[in-house]
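An overview of the molecular structure
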Amino acid sequence: MGEASPDFELGAQLQGHEKACRCACVLNDGRIATGALDEHVLVWKQSEDGSWLEDKRTHYHTDYVYCLAASANGGFFSGAKDKTIYRMDAEGSPMLQFEGHEGPVCSVQEAGLELISGSWDGTARVWDLESGLVKYTLAAGNHAVCVATLPTGEIITGSQAKAIKIWRGEECINTVEEAHVDIIRSFAVHTSCFATCSNDTTVKLWTLDGIPVGTFNGHSTFVFDVSFSDDGKNVFSCGDDKGLKIWKKEDYGLTCEQTLLHSSSVWGCLPLPNGDVLSCCQDGVARIWTRDPARMAPEAERQAHEQMAQMAIAEESSRSGGAIPMDNVTDISEMPRTVGKKNGEIKMFKDKGSVWAYTWNGRYWDCVGEVTGSAKEKVKFEGDDYFKAGEYDYVFDVDLSGDTSVGGGRMAKLPFNDGGNVMVTAQNFVAREKLHISYLNQIMDFIRANAGTDKPAPVLGEQAAPPPPKPAAPSQPASAPAAASKHFPVLEVLLDRAGKPDVVVNKLIELNSQFPDDFAGKMNPTETTYLPILAGKLMMKDRDEIRMCEREVLWLKLKENWPQDKMFPIYDLLRFYLLHRNSSELFKGNGRTAHIAAAIEAMGKDINGPLGLCAARFLVNVFAQPTPKYAAYDRRQLVTPAFESLHVSTNAKVRQAGATGLLNMSVTIAEKPAEAEGKPQLIAAIATMMKVETEAEAQYRLLGALGTALVKDTSGAVKTACGASGIKELLAKFSAAEDRLKQASADILKLL
């Protein structure tokens, strides 16, 4: 036996899909493409600092994307439930469409000058790459067909018929009947053998001529995908049991070395050229796992994911009456050497066949009880522009009684999850229902009262715990991050969704009619039709892709040509556009921060007027999507002072936008707790605004920004900056303020 390899750890989480991520492939230039049930294919590019950013979003299929395969031309192929296959170039633009399958396409692979595909119609098809025409069709079996090519040039197919077929051209030269006892889901091919996986829970190895050499058990339910590492030393498999398994291959044997837990089913596993592996998860996230410490995610992120996955598996096991998988649960003997990352962190430990939950109190682990599953059912919510569709711990019926002219006289649904951010939830509810901002505190109190936000996690039982092992006495007390309050840390950015895009468009069209015909920025009749279409897309729940012509008339023709006194509705519409996922396209490449700099310039020209307000709200919404958000983070030395400069505005709404911008910057900086750069500047900006601000809502957001920075700080830079900025003295004025300000300031003083 060789020396054991180091364990894989979470390296990165590629979050961009809105539904289950089903497939992935590596492009020639190292980018990664992922496909999902949201009908989209996303292309991801690694930045210089090692992080992965969305580089391209394509939407050409009209139904679920089931399979992807790289192409020798630098692009890729995608197959979908809409029965079509697209050949895409390296830029993500379609080159050719392959049509002919009578069912969803679930498997594709390029082979020289041909494309091989498998479908739910029970066939595999061989296509000419240049013409897109079918060369011949293979009767592969029943229902879903998976395909692969062998080093010898033959094609192999598997299906619900449970048989493996090996084809040389149109001739089937070998059939392995009953290769599995259930549907064959996927093939993986290496130089001297191939692997299969099946709904029968097994992974099997075969010689290239179809002779079985081993059956390997480890999964507890359906196995969806299998793959080889590039060097052939490992086999990866994943499935419905929420696990990605790492198998060590020796000759024709496999030994399971590690199971990487997820919170949902894992549909695909893709080896990467550097030895990492990517998993495609039902929760919509593609995750990269690595053995290289330099590429691992921060410890807090890894711990949070592991805890989430363990709890999800424990909850499902309780519902189904099954046993909780033990291989990734820490043994209770490790408790004395396990230090929590934050007060209140919940972690599972196994003891003699049972799993127990403990919570970290800052010095040691307190037992809460045996893990027995969820004590309450989730509630479904259909979703809208402000709250995602899905299952929530609560969906409250809120009686908006009163004057119908101000939004009363009806019932409204308010979804909320345990552990969610009360302020952000209330803010979204107020914006959706078009209530006055004065109702925000009332909504927050309603959520706290009805959700019982201080209750322990509902997944824990009532049995007595086994006595934990006595902790070994450390030379110094174990340190833990500072405790949070109910007011912070704020975990999500706060966005400005108030208003309607169609009203703004009507204003733009009205102003456009006032320009002379020879004005360079005047929209022609065709261009005036683009903006209402754009407004409609921005108001839709399931937002369509925004066409280039709609984007360019807004960003190039209007923004670059209109005079300053007519610019405010342009920035107001751009504010809505930033909420759309397509807005990321404008923040890529060398000029990715140019739009931010332009908005800051416009804001400074009219700091008390409508342009200043609209530009400030635009900058607040820059934090809505990952790509522009991190563009703002990269330019924090410019963006933070810009928000700070709004303290001199005589317009309370402008100052509130400034406070919101600082809150969003604090939330973003808190995602990188070990980095000190930008934190002293942020605290100084908060202090500047706090000195002059008199409006309660803006003050509360500034306190949220300050508290978040303190709770998430691990470098000590924030606390030092607070001392230099005189934060303690500034907090004194809140001792006689309304309750939420008084409580939040008191919690901050405890941290200083």
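Residues numbered from 1 in each chain as written. Predicted model: local features only at pLDDT ≥ 70, side-chain atom pairs only at ≥ 80, totals over all residues. Heavy atoms only, no water.

**Looking at the pairing of strand β10 (residues 105-111)**
In plain terms, the rule: Two strands form a pair only when DSSP identifies at least two bridges running between them. Under the DSSP-based scheme used, a helix requires at least four consecutive residues in state H or I and a strand at least two consecutive residues in state E, with every element numbered from the N terminus.
Here β10 runs beside strand β11 (residues 114-119); their pairing, made up of six bridges, is antiparallel. What sits directly across from glutamine 109, in β11, is isoleucine 116. In this structure, the hairpin formed by β10 and β11 is closed by a connection of two residues, where glycine 112 is found at a positive phi of approximately 65°.

**Looking at unusual backbone geometry**
Put simply, the rule is: Relative accessibility decides the category of a residue: with a 1.4 Å probe and only protein chains considered, values under 20% of the type maximum give buried, values over 50% give exposed, and everything between is partly exposed.
Cis geometry is found at the peptide bond from phenylalanine 488 to proline 489, where omega equals 10°. Note that proline 489 resides in the loop between α3 (440-451) and α4 (501-512). Not every positive phi belongs to a glycine, and lysine 162 is a case in point at roughly 75°. Assignment of secondary structure puts lysine 162 in the loop between β15 (155-158) and β16 (164-168). Phi is positive for threonine 201, close to 80°, though the residue is something other than glycine. Mapped onto the fold, threonine 201 is located in the loop between β19 (193-198) and β20 (202-207). By relative accessible area, which is 21% here, threonine 201 ends up partly exposed.

**Brief notes about the packing of aromatic side chains**
Filter applied, for reference: Here the aromatic set is Phe, Tyr and Trp, taking the six-membered ring for Trp, and pairing holds for ring centres within 6.5 Å; pairs whose planes are under 30 degrees apart are stacked, those over 60 apart are edge-to-face, and all others are tilted.
Under the defined criterion, the tally for this structure stands at 17 aromatic pairs. Between phenylalanine 8 and phenylalanine 236, the aromatic rings sit 6.2 Å apart at their centres with planes inclined by 80°, giving edge-to-face as the arrangement. With phenylalanine 8 in the segment before β1 (9-15) and phenylalanine 236 in strand β23 (residues 234-239), this pair connects stretches of sequence that are 228 residues apart. Accessibility expressed as a relative area gives 2% for phenylalanine 8, which makes it buried. Here phenylalanine 236 falls in the buried class, since its relative accessible area comes to 1%. Taking the centre distance of 5.4 Å and the plane angle of 80° together, the rings of tyrosine 571 and phenylalanine 618 count as edge-to-face. Of this pair, tyrosine 571 sits in helix α7 (residues 568-577) while phenylalanine 618 sits in helix α9 (residues 610-621); the two residues are 47 residues apart in sequence, bridging distant segments of the chain. Judged on exposure class, the residue tyrosine 571 and its partner phenylalanine 618 are both buried.

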